[in-house]
Amino acid sequence: MRISLRWLRELVAVDLDVVTLADRLTMAGFEVEEIEDRRTWAEGVVVGYILACEPHPNAQKLRVCQVDVGQGEPRTIVCGAPNAAADLYVPVALPGAYLAKVDLKIRPAKLRGIKSEGMICSLAELGLAKESEGIHTFTPGVTVGEDVRPLLGLDDVILHLTSTANRADALSMVGIAREVAALTGAPLTLPTPRAIAPKKSPAKAPVELAIADPQACPAYCGTLITNVQIAPSPPWLQQRLEAAGLRAINNVVDVTNYILLKWGQPLHAFDWDRLQAVAAQTPVTVGVRFAKSGETLKTLDGEERRLDSDHLLITAGDVPVALAGVMGGEATEVDSGTKNVFLEAALFASPVIRRSARAQGLRTEASARYERGVNPAELEAATAEAIALLTELAQGTVAYTTLVDQRPSLERTLTLRLEQVHRLLGAVAAEDESDELAYLDAATVEELLHRLGFRLSRQKTFGEEQVVWSVTVPPYRFRDIEREVDLIEEIARLYGYDSFEETLPAQAEVGALPLELTLLRELRAAFRGAGLTELMHYSWVKGGQPNQVTVVNPLVVEFSSLRTDLITGLVQAFRYNQEQGNPPLNGFEIGRVFGQDEEGLWESDRLGGIIGGDPWQGKWVRRSQQPQPLTWYEAKGILESVFQRFGLEVEYQSDRQDERLHPGRTAALCLNGERLGIFGQLHPQYAATLDLPAAVYVFELDLAVLLSRLEERYCQITFQPFSTYPASDRDLAFFAPAELTVAELSRTIWRAAGGRDSLLESVEVFDEYSGPGVPEGQRSLALRLTYRASDRTLTEAEVNELHQRIRDSLAEKYAITLRS
């Protein structure tokens, strides 16, 4: 929010310099992001009076002006503005002035042979407009030679302030004034709240209120003001709106915006005659209800908006005329022809307005305040001041006022213990070098909370440390002060977080990462070492897929569900990189997936990856200069290298469950009999629909299963020296059924050898062949078995005996034909 320092000082008599004030606010939780010192924008600019204006003798578009600036002899100033003329009061930048917004230092200069002693300025050159068609002119009555800054609102400093989401009261000048008064102790001057006195009803009331849902709209006040005179607002009002970043429109609309900025209470003005025409009834029934599916409303921005049942509407005769708490309708807009106004002041439930604004992608000054929560206690004060301003500035007459009020009680009383204040905040930092610790006393606590508007009464006192208070929360802090700890936070915030002792543990301990995080770091390092780049994607995806979890209030309508796997996002990232002309994306991602089944909702952590493209970095090492696609075994080798780094023995089994993957080149991964995940090539048809290369491989692993096994191995790691004795190799060749996997053969071989602690050191496939010479339905496999002992050189007899046992076991269990 933009805070005008000049306006703020009318509400609270603070005399701190702006930098100190900004620092105090920031330390109290209201971050001042920027200080906009407007006083520097027009330093050296005064009011001038154009005595004469003649065409330039040497330039068609220039004029030579004689300007009285209150310093004796008139000054000659050459001006190129089309609206320059005699008898105008204008802003004049004298030589030596610096126009900060356009970075221009004014110096005497010759323009086409005529000396110019200054510059007649436009609002754009003074920083008050982006573009100006000509110079700015003042209305008669100003004093020649006086500083223009007070006339243009440039004697002000604007604080760009950001508050936390729980501080709805900080979105108003009154709310910030209360905070500044509490922080500085300066006296606060606020208008005395006045109750809305309903106008005596005429014989037949012109308007009736119909609130369909009191929880969505607990209070609604409507005031009919007749015979208004639409005109520009006075300069003081326009300057305050401009300082806050709002555009002045007319006196009626500007008053509603002024009250919004001052009190944080959004108002809306309807053209009463247009409202009657829309309603087509007497009296007019102004209603608040939820929209019906299919209804439409053309809002003030000219957009035709389609509504659904979550949108709260203001209606006239059941016809939508405004999107409640967000934006009014074009059909009842106040313009230059308006004669009568119906002023709306209402309270709407925050979740309702938030849903409407997000669904329409429309965030306004009003919706921003309703979403955080408007102070229910100041509805009357804001409305009464708005009515008073409309009768003063627009010469309107209050004809009728009606109010529906079902606001809940705003009384809240909390218990506060001094002992708990000491326990949570600790000691106050000592100003000297003494070791004596001091704590906030009861009187200081009471004084701090009183400054914030809380009322305290002591319940119990058992010595200096055992004071207990009953604290009444002011209505404007009802939303964010709910517990005792909230009161303690207010004490710390106002006293100063940096005023308390920095307490460290008496004895520090050596820190360490949990085992799970250590393993995750090692996994990331292993995949990076294998040539994969770590990727990160949002969990939000498009809806419409089976078993997806749909979010009730999505940030964006297009991404309303949670992902059920990592592969989809990785494929999309691969495709996007290819479309940008980048090399194939080889990457991995660690993330969470979500879903639902018969047992309910579930979520799981996964590790996924995608591999594709030519594995060679340079083409010159091959005879063919064309890129060669990655083979299934090469892609599998990249994944296998990571498994081997951690000593994991993963089995590959045929799998055809995922239709996106090639049915003959997809394997389910198993680790110690437990399913670990899946690895395979994208189905050629699926890859073609995405315009991807045919040879793209993906994998997705269950991270819980992987980490569980890694934790087991981590705890069982023992040092084993390399054997200094030679190994003995034996080859084993045979015909085996095509459906018989190498994983099954390996299990049988290790079992026949006696397990991992036997003399068998490794089993490796080094040849596979199918074609002429091989029986139909079979394939030729060749395995190399390596035998070694750690304490001796194996004899030929030992190796032959174990090797024969393995041969017999394979021949007995499987229908294989040994060839060696």
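For the structure itself, consult the block above.
Numbers given to residues run from 1 along each chain, matching the order in which its sequence is written. Where totals are concerned, whole chains, interfaces and linings use all residues; where local detail is concerned, this predicted model gives features only for residues with pLDDT of at least 70, and gives and counts side-chain atom pairs only at 80 or more. Side-chain numbers come from the whole structure's heavy atoms, not from hydrogens or water.

Some remarks on the overall build of the chain
Okay, step 1: The secondary structure listing takes helices from DSSP runs of H or I that are at least 4 residues long and strands from runs of E that are at least 2 residues long, numbered from the N terminus. Counting secondary structure elements, the chain contains 20 helices and 40 strands.
Okay, step 2: In this setup the radius of gyration rests on C-alpha atoms only. A globule is expected at 2.2 Å times the number of residues raised to 0.38. What you see for the chain is a C-alpha radius of gyration of 40 Å, clearly larger than the 28 Å of a compact globule of 820 residues, by over 25%.
Okay, step 3: Summarising its shape, the C-alpha atoms of the chain cover approximately 120 × 90 × 75 Å along the three principal directions.
Okay, step 4: Only protein chains enter the accessibility calculation, which uses a 1.4 Å probe; a residue whose area is less than 20% of its type maximum is buried, one above 50% is exposed, and one in between is partly exposed. For the chain, buried positions account for 47% of its 820 residues.
Okay, step 5: We call two residues contacting when some pair of their heavy atoms lies within 4.5 Å. In the chain, the share of contacts with a sequence separation of at least 24, taken over all contacts with a separation of at least 6, comes to 68%.
Okay, step 6: Surface accessibility follows the Shrake-Rupley procedure with a 1.4 Å probe radius. Residue values consider only the protein chains on display as shielding. Total accessible area computed for the chain in this model is approximately 42300 Å², and 49% of it derives from carbon and sulfur atoms.
Okay, step 7: His is not counted, nor are the chain ends, whereas Lys and Arg count as positive and Asp and Glu as negative. By convention, charge coordinates are those of NZ in Lys, CZ in Arg, CG in Asp, or CD in Glu. Within the chain, the 113 negative side-chain charges are centred at a point lying 4 Å from the centre of the 82 positive side-chain charges.

Some remarks on the layout of surface pockets
Over the atoms rolls a probe the size of a water molecule, and its path tells where empty space is left.
Okay, step 1: Lining residues are those with an atom within 4 Å of a point, where the points come from a 1 Å grid over the protein atoms alone and group into cavities, where a 1.4 Å probe fits but cannot get out, or pockets, open sets with protein on both sides within 12 Å along at least five of seven lines. Grid points are joined across faces, edges and corners, and a volume is the space filled by probe spheres set on the points. The computed volume of the second largest pocket comes to approximately 1300 Å³.
Okay, step 2: Taken together, 37 residues line the second largest pocket, and the ones lying closest to its centre are Thr564, Asp565, Leu566, Thr568 and Arg660.
Okay, step 3: At the level of elements, β28 (540-541), α15 (567-579), β31 (587-597), β32 (600-612), β35 (674-682) and β36 (696-702) are the ones that each hand at least two residues to the lining of the second largest pocket.
Okay, step 4: Per-element tally for the lining of the second largest pocket: the top contributor is α15, with five residues.
Okay, step 5: Considering only residue class, the lining of the second largest pocket consists of 15 nonpolar, eleven polar and eleven charged. In the scheme used here, Gly and all other residues not listed as nonpolar or charged are polar, with Ala, Val, Leu, Ile, Met, Phe, Trp, Tyr, Cys and Pro taken as nonpolar and Asp, Glu, Lys and Arg as charged.

Details of the packing of aromatic side chains
Okay, step 1: Ring geometry is summarised as follows: Phe, Tyr and Trp rings, the Trp one being its six-membered ring, pair when their centres sit within 6.5 Å, and such pairs are stacked at plane angles under 30 degrees, edge-to-face over 60 and tilted between the two. Under the criterion given, the structure shown has twelve aromatic pairs.
Okay, step 2: Taking 5.1 Å as the distance between ring centres and 65° as the angle between the ring planes, the aromatic pair formed by Phe348 and Tyr370 counts as edge-to-face. Within this pair, whereas Phe348 is found in the loop between β22 (341-347) and α8 (350-360), its partner Tyr370 is found in helix α9 (residues 365-372), the two being separated by 22 residues in sequence. One exposure class covers both Phe348 and Tyr370, and it is buried.
Okay, step 3: Centre to centre, the rings of Phe527 and Phe699 are 5.7 Å apart; their planes meet at 15°, and the pair counts as stacked.

Observations concerning unusual backbone geometry
Okay, step 1: Residue Pro283 follows Thr282 across a cis peptide bond; omega there is -10°.
Okay, step 2: Looking at the secondary structure, you find Pro283 in the loop between α7 (272-279) and β16 (284-290).
Okay, step 3: At Asp87, a residue that is not glycine, the phi angle is positive and equals roughly 65°.
Okay, step 4: Tracing the backbone through its elements, the reader meets Asp87 in the loop between β5 (75-79) and β6 (89-93).
Okay, step 5: Classification of Asp87 by relative accessible area gives exposed; the value is 52%.
Okay, step 6: Residue Gln395 is not a glycine yet carries a positive backbone phi of 55°.
Okay, step 7: Within the secondary structure, Gln395 sits in the loop between α10 (379-393) and β23 (397-405).

As for α8
Okay, step 1: All of the buried residues in α8 are Ser350, Val352, Ile353, Ser356, Ala357 and Gln360. Take α8 and look down its axis: the buried residues cluster within an arc of 165°, on one side only.
Okay, step 2: Its buried side turned inward, α8 meets β16, β18 (304-306), β19 (312-316), β20 (319-323) and α9.
Okay, step 3: Of the residues flanking the end of α8, it is Gly361, one or two places downstream, whose phi is positive at about 60°. The arc in question is the one traced by the directions running from the helix axis out to the C-beta atoms.

Concerning the sheet that holds strand β14 (residues 219-226)
Okay, step 1: Whether two strands pair comes down to DSSP finding at least two bridges between them. In spatial order, the strands read β15-β22-β14-β23; together these four strands make up an open sheet with antiparallel pairing. Edge positions in the open sheet fall to β15 (267-271) and β23, since each of these has one partner strand only. Mean inter-strand twist for the sheet, computed between neighbouring axes without regard to direction, equals 20°.
Okay, step 2: Bridge count between β14 and β22: seven bridges; the pairing is antiparallel. Its bridge partner being in β22, Ala219 is matched across the sheet by Leu347.
Okay, step 3: Its contacts with the sheet put α7 on β14, β15 and β22, and the angle it makes with β15 is roughly 70°. Comment: axis = line fitted to C-alpha atoms, over the contacting stretch for helices; angle = value between 0 and 180 degrees taken between N-to-C directions.

Focus: the nonpolar core
If you look at soluble globular proteins, the nonpolar side chains tend to sit buried side by side.
Okay, step 1: We define a nonpolar core as any set of buried Ala, Val, Leu, Ile, Met, Phe, Trp, Tyr and Cys residues linked to one another through side-chain atoms lying within 4.5 Å. By size, the foremost hydrophobic cluster in this structure holds 125 residues, and its most contacted members are Leu8, Tyr220, Ile314, Phe348 and Leu416.
Okay, step 2: Those residues in contact with Leu8 that lie beyond four places of it in its chain are Ile3, Leu21, Met173, Ile176, Ala177 and Val180.
Okay, step 3: One finds Phe588, Ala695, Leu703 and Leu706 within the second-largest nonpolar core, a separate group that totals 34 residues.

Focus: empty space enclosed by the protein
Okay, step 1: Within this structure, the stated rule accounts for three cavities of 30 Å³ or more.
Okay, step 2: Roughly 130 Å³ of internal volume is contained in the largest cavity.
Okay, step 3: Per element, the largest residue contribution to the lining of the largest cavity is three residues, and it comes from helix α4 (residues 173-184).
Okay, step 4: When grouped by side-chain class, the residues that make up the lining of the largest cavity number seven nonpolar, six polar and four charged.
Okay, step 5: Its boundaries defined by the atoms lining it, the second largest cavity holds a volume of some 70 Å³.
Okay, step 6: In terms of lining residues, the second largest cavity is bounded by Asn166, Ala168, Asp169, Gly373, Val374, Asn375, Pro376, Pro475, Tyr476, Arg477, Arg479 and Asp480.
Okay, step 7: Along the lines of polarity and charge, the residues of the lining of the second largest cavity split into five nonpolar, three polar and four charged.

Here we look at the sheet that holds strand β37 (residues 728-737)
Okay, step 1: The sheet built from four strands is open, its strands ordered β38-β39-β37-β40 with antiparallel pairing. The sheet terminates laterally at β38 (760-769) and β40 (817-818), the two strands that pair on one side only.
Okay, step 2: Two elements, β37 and strand β39 (residues 778-787), share ten bridges in a ladder whose sense is antiparallel. Across the sheet, the residue bridging to Leu732 is Leu783, located in β39.
Okay, step 3: Packing of helix α19 (residues 742-753) onto the sheet brings it into contact with β37, β38 and β39, and relative to β38 it is tilted by some 150°.

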